[in-house]
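Analysis of the macromolecular model
Chain residues, written in single-letter form:
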Amino acid sequence: MPMIASVTKTDQIYQALLTQLLEGRHQFGEILSTYDLAAEFGVSRRPVMDAVMRLAAAGFISVIPQVGCQVTVPDERKVRDHFAVAGILEGAGARLAALTATDAQLAEIDDMLVRGTGPAKRNDALAFAGANRDFHSAVLATGGNQRLAELAMDTWDLNDFYLQKNRLSTDLAQAQSEHTEIAEAIERRDAERAGRLMEEHVSRFWKFVEV
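Residues numbered from 1 in each chain as written. Predicted model: local features only at pLDDT ≥ 70, side-chain atom pairs only at ≥ 80, totals over all residues. Heavy atoms only, no water.

Things to note about unusual backbone geometry
- One non-glycine residue, Asn123, lies in positive phi territory at about 55 degrees.
- Assignment of secondary structure puts Asn123 in the loop between helix 6 (117–122) and helix 7 (125–143).
- The exposure class assigned to Asn123 is partly exposed, which follows from its relative accessible area of 45%.
- Although it is not a glycine, Arg189 adopts a positive phi angle of roughly 65 degrees.
- Looking at the secondary structure, you find Arg189 in the loop between helix 10 (172–187) and helix 11 (191–203).
- Judged by its relative accessible area of 37%, Arg189 falls in the partly exposed class. (Helix = DSSP H or I, 4+ residues; strand = E, 2+ residues; numbered from the N terminus. Buried < 20%, exposed > 50% of the residue type's maximum accessible area, 1.4 Å probe, protein only.)

Okay, here's the thing in structure tokens:
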């Protein structure tokens with residue numbers, strides 16, 4: 001039987017801190033003390049430091065020697081570069097989806113698309129966020145390239161982190177309309193259009209980041 005990896009204290013703290021960052025419980029630029037975090041989680045500083053280093057590598061915080069760490073302050077160039085790369089990855093996934101989609105996969109994409117309709121009409125950003133991930137997941141899964149899907153999905157948490165301040169300012173109706181156009185291009189097997197629309201859709205969200 002395959003071995004199941006155990007969840008370490010570092011894993012738990014990493015996930016807890018990541019959740020706090022995505023929920024906006026720490027402000028951009030806020031200094032975090034590893035001593036205070038260790039006390040909060042009831043552990044030694046070692047797993048906290050390990051979790052902090054992982055978050056730093058992922059772009060959520062910066063480590064400051066002798067001080068602790070600081071929540072990342074979005075920089076316009078880095079934000080634009082991040083969303084540009086995210087768009088390229090997801091655009092490639094959409095192109096593959098248009099080339100390889102089965103009827104069952106097209107139906108799954110359509111089902112995920114429909115989930116976003118209500119939240120978009122109500123301007124319910126929280127509900128739309130879940131539907132949005134479902135739609136993008138379905139497109140990436142349809143593309144069939146697991147490594148590409150993993151790389152694209154790795155950008156999602158940083159997307160949400162950057163957008164936390166202005167998520168309510170995004171035009172959900174426009175986002176849903178763009179999803180519809182992407183789904184239609186995939187269904188028509190128009191790989192070039194599907195890829196271009198997806199890349200433009202994802203990359204434009206840098207404009208909503210407070211820098």
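Notes on the side chain of His201
- The residue His201 is located in helix 11 in this model.
- Residue classification places His201 among the buried positions, given a relative accessible area of 3%.
- Ignoring anything within four residues of it in the chain, the contact list for His201 reads Asn132, His136, Ala175, Glu178, His179 and Ile182. (Contact = heavy atoms within 4.5 Å.)

A closer look at the pairing of strand 2 (residues 61–64)
- Here strand 2 pairs with strand 3 (residues 68–71) via 4 bridges, running antiparallel. Counterpart to Ile61 in the pairing with strand 3 is Val71.
- Remark: 3 residues form the turn of the hairpin made by strand 2 and strand 3, two consecutive strands paired antiparallel; Gln66 in that turn has positive phi of roughly 70 degrees. (Pairing = 2+ DSSP bridges.)

Quick look at the environment of Leu55
- When you line up the elements, Leu55 lands in helix 3 (residues 45–58).
- For Leu55, a relative accessible area of 1% gives the class buried.
- Counting along the chain gives 31 residues from Leu55 to Ala86, while the straight-line C-alpha distance between them is 18 Å.
- Contact partners of Leu55, with chain neighbours within four places excluded, come to Tyr14, Leu17, Leu18, Leu21, Phe60 and Ile61.

Considering empty space enclosed by the protein
- The final tally for this structure, using the stated rule, is 1 cavity of 30 Å³ or more.
- Roughly 40 Å³ of volume is contained in the largest cavity.
- Taken together, Leu17, Leu21, His26, Leu32, Val52, Leu55, Ile61 and Cys69 make up the full set of residues lining the largest cavity.
- Put simply, the parts of the chain that give the lining of the largest cavity at least two residues each are helix 1 (9–22) and helix 3.
- Considering only residue class, the lining of the largest cavity consists of 7 nonpolar, 1 polar and no charged. (1 Å grid on protein atoms, 1.4 Å probe; cavity = no way out; pocket = protein on both sides within 12 Å on 5 of 7 lines; lining within 4 Å. Points joined across faces, edges and corners; volume = space filled by probe spheres on them. Nonpolar A, V, L, I, M, F, W, Y, C, P; charged D, E, K, R; others polar.)

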